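# Architecture at a glance
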Amino acid sequence: MSVSEIKLAGPDITEHEIALVEQVLRSGRLSIGPMLERFEDAMCLRLGRTRAVGVSSGTAGLHLALVALGIGPGDEVVTTPFSFIASANVILYVGARPVFVDVDPKSLNMDPARVEQAITPRTKAILAVEALGNPSHMAEYEAIAKRHEIPLIEDSCEALGGRNAGRPCGSFGRVSVFGFYPNKQITTGEGGMIVTDDDRLADRCLSLRNQGRPASKDVGDGGIATGSWLAHERLGFNYRMDEMSAALGVGQMDRLDKILAKRGAVADMYFSALSGNAHLVLPNVDDRSEMSWFVFVPRLESTFGGEERDRIIAGMRRHEIGAANYFPCIHLQPFYRERFGYKEGDFPIAERVSQRTIALPFHTGLTPQDIDLVSQTLELMIARETHLRGEEWS
Ligand SMILES: *Cc1c(COP(=O)(O)O)cnc(C)c1O
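Presented here is a report on the structure given in the accompanying data block.

Quick notes on the rules
- Residues numbered from 1 in each chain as written.
- Predicted model: local features only at pLDDT ≥ 70, side-chain atom pairs only at ≥ 80, totals over all residues.
- Heavy atoms only, no water.
- Helix = DSSP H or I, 4+ residues; strand = E, 2+ residues; numbered from the N terminus.
- Rg over C-alpha atoms; globule rule 2.2 N^0.38 Å.
- Buried < 20%, exposed > 50% of the residue type's maximum accessible area, 1.4 Å probe, protein only.
- Core = buried A, V, L, I, M, F, W, Y, C linked by side-chain atoms within 4.5 Å.
- Contact = heavy atoms within 4.5 Å.
- Near = heavy atom within 4 Å.
- Polar contact = N/O pair within 3.5 Å; in protein donor to acceptor, adjacent residues only side chain to side chain.
- Areas by Shrake-Rupley, 256 points an atom, 1.4 Å probe, with all protein chains shown as cover.
- Nonpolar A, V, L, I, M, F, W, Y, C, P; charged D, E, K, R; others polar.
- Axes fitted to C-alpha atoms, helices over the stretch in contact; angles between N-to-C directions.
- Parallel < 35°, antiparallel > 145°, perpendicular 65-115°, else oblique.
- Left-handed = near helix turned anticlockwise from the far one by under 90°.
- Pairing = 2+ DSSP bridges.
- Expected span 1.5 Å × (residues − 1).
- Salt bridge = Lys/Arg side-chain N within 4 Å of Asp/Glu carboxyl O.
- Arc of directions from axis to C-beta.

### Looking at the overall build of the chain
Each helix and strand in the chain was counted, giving 13 helices and 12 strands. For the chain, whose C-alpha radius of gyration is 22 Å, the value lies close to the compact-globule estimate of 21 Å for 394 residues. Expressed along its principal axes, the backbone C-alpha trace of the chain runs to roughly 75 × 55 × 40 Å. Counting only residues that meet the buried cut, the chain has 56% of its 394 residues in that class.

### Quick word on the nonpolar core
Counting residues in hydrophobic clusters, the biggest one holds 28 residues, and the most contacted among them are Leu66, Ile71, Ile153 and Ile194. For this core, the secondary structure elements donating two or more residues are strand 1 (51-55), helix 3 (58-68), helix 4 (86-93), strand 4 (123-129), strand 8 (175-179) and helix 7 (199-209). Element by element, the count of residues in this core is highest for helix 3, at six residues. Once residues within four sequence positions are removed from consideration, Ile153 is found in contact with Leu62, Ala65, Leu66, Leu69, Ile71, Ala125, Ile126, Leu127, Ala128 and Val175. Core analysis: the second largest hydrophobic core is formed by 26 residues, Tyr270, Ile312, Ile313 and Ile321 among them.

### As for the site of the ligand
Inspection of the region around the ligand gives 14 residues, with Gly58, Thr59, Asp155, Glu158 and Lys184 positioned closest. In the environment of the ligand, an oxygen atom lies 2.8 Å from a nitrogen or oxygen atom belonging to the backbone of Gly58. Take Glu158: an N or O atom from its side chain is 2.4 Å from an oxygen atom of the ligand. The protein chains hide 92% of the 380 Å² of surface that the ligand would expose on its own. At three residues, helix 3 tops the list of elements feeding residues into the shell around the ligand. Here the residues of the shell around the ligand sort into six nonpolar, five polar and three charged.

### A closer look at the packing of helix 9 (residues 256-274) against helix 13 (residues 368-388)
In contact at an axis separation of 10 Å, helix 9 and helix 13 are set at 40 degrees when each is read in the N-to-C sense. Between helix 9 and helix 13, the crossing angle belongs to the class labelled oblique. Crossing angle aside, the handedness with which helix 9 passes helix 13 is right-handed. Between helix 9 and helix 13, the contacting residues are Val266, Met269, Tyr270, Ala273 and Leu274 on the first element and Pro368, Ile371, Val374, Ser375, Leu378 and Glu379 on the second. Residues that form the contact of helix 9 with helix 13 fall into these classes: nine nonpolar, one polar and one charged.

### Considerations on the sheet that holds strand 7 (residues 167-168)
The three strands are arranged 7-6-11 in an open sheet whose pairing can be described as antiparallel. This sheet does not close on itself; its edge strands, each paired only once, are strand 7 and strand 11 (289-290). Where strand 6 (residues 163-164) meets strand 11, two bridges bridge the pair, whose relative direction is antiparallel. The residue bridging Arg163 from the neighbouring strand is Glu290, located in strand 11.

### Notes on the pairing of strand 9 (residues 192-196)
Burial of strand 9 is extensive: five of the five residues sit out of reach of the surface. Because side chains alternate across strand 9, one face comprises the buried residues Gly192, Ile194 and Thr196, and the other comprises Met193 and Val195, equally buried. With five bridges joining them, strand 1 and strand 9 adopt antiparallel strand pairing. Across the sheet, residue Gly54 finds its bridge partner in strand 9, namely Met193. In this structure, strand 8 lies alongside strand 9, joined through five bridges in antiparallel fashion. Bridged to Ser176 within strand 9 is Val195.

### Some remarks on helix 8 (residues 243-254)
Because an α-helix completes one turn every 3.6 residues, residues spaced three or four positions apart along the sequence face the same direction. Between its first and last C-alpha atoms helix 8 spans 16 Å; for 12 residues at 1.5 Å apiece the expected length is 16 Å, and the two agree. With 10 of its 12 residues buried, helix 8 lies for the most part within the structure. Those residues of helix 8 that sit buried are Glu243, Ser245, Ala246, Ala247, Leu248, Gly249, Val250, Gly251, Gln252 and Met253. Of the surrounding elements, those touching the buried residues of helix 8 are helix 1 (15-27), helix 2 (34-47) and helix 9. Its side-chain oxygen placed 2.9 Å from the backbone nitrogen of Met244, Asp242 serves as the N-cap of helix 8.

### A few points about the pattern of salt bridges
Inspection of the entire model under this criterion finds 19 salt bridges. For Arg46, the salt bridge is made with Asp257, and the minimal N-O distance between the two is 2.9 Å. Within this pair, whereas Arg46 is found in helix 2, its partner Asp257 is found in helix 9, the two being separated by 211 residues in sequence. On the basis of relative accessibility, which here comes to 33%, the residue Arg46 falls in the partly exposed class. Each of Asp12, Glu17, Arg255 and Lys262 takes part in one network of salt bridges that share partners.

### What to know about helix 9
Look at helix 9: 27 Å from first C-alpha to last across 19 residues, which is about the 27 Å you get at 1.5 Å a residue. Looking at helix 9, one finds that the buried residues are Leu256, Ile259, Leu260, Arg263, Gly264, Val266, Ala267, Tyr270 and Leu274. The buried residues of helix 9 occupy one face: seen down the axis, they fall within an arc of 160 degrees. Among the exposed residues of helix 9, those oriented more than 90 degrees off its buried face are Asp257, Lys258, Asp268 and Ser272. Looking at the buried residues of helix 9, the elements they touch are helix 2, helix 8, strand 10 (280-281) and helix 13.

### Remarks on the packing of helix 3 against helix 4
It is at 9 Å that the axes of helix 3 and helix 4 come closest, and there the two elements cross at 40 degrees. With respect to their mutual orientation, helix 3 and helix 4 come out oblique. Classified by chirality, the crossing of helix 4 by helix 3 is right-handed. Here Thr59, Leu62, His63 and Leu66 of helix 3 come into contact with helix 4, specifically with Ala86, Ser87, Val90, Ile91 and Tyr93. Classifying every residue of the contact of helix 3 with helix 4 by side-chain character gives six nonpolar, three polar and no charged.

Here it is in structure tokens:
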């Protein structure tokens, strides 16, 4: 019997999406066409926002949000060290300085009290992340930003479908951004979406994604050079989303509730398999929030260290189980250390947590048998570590 790998992540794509992408390919209109607007409208409807701008990645969307808000050299942006690196890199792209604040040990999102303390006259925005999909504190960050009259940029790349304080993730930011890489709740291959209720910002993003061309819809016939196609009002980028990606996005949005329900069922299976293990802290959702499961990331309890965690992950990988260490802290990445002089101990809560997290395989293709195998293998590797220490085999 051959053992096949249990992958960390994977997309959920059906004939519905394939038919929509095929329709685009047969139409001959591969960029700047009707599918992108359909996808943008679907996102607006779902989130209750008035404007959406599809872009080539979540990172591109965050970058444009910062440019559109006029954030640049000399400015500070308060953000989290416990995230995928893109959420801090975009601050560097515009020449501003990320000001990290430590996280709340339960939600693993920025501690709201520390956000408040970190704000200075140079702070031009708060960039909040629903880390690992956890929607906690979004309404609090929104209130802090409002009180200080600075924008909240919401990086919702991991949180499509989640809710906090009765509202959807992606509705809290002056600008909110989603990403659709194949490990996210829905995918477009590569792709992202900026959402906002601010027409001026949305128009600026429309122009910025399209080489600084005027935001009006008059862009020639599918982007063939005619009059206004060669007029550039500002320094822009090519951050457009193509029609094949948008078609995939339309199909995924049609099935969003089904996909989220399937992901929720996988999370439930992990909870029942692992909740009895005293060495694990399972993901925590506060009672004002509803989780949309992006990943399933338990962490080892506080007596464990990074080396033990890494051995556990390596042990799982030997069994062809795609476990991973989500996330290493951003401030400890080599070029952040070099550029800003960060060191271990600067954000101790985030560091302690990130040394003990284990991302387990998480996607809609997992069977109950897969979940059992992953859970049992995880428990075996944990038991080996505790045994090494001379503790009882548990
Ligand atoms: C995935 C992700 C991004 C970037 O999305 P891409 O589409 O891969 O560029 C940004 N922030 C967070 C928190 C993410 O998880």
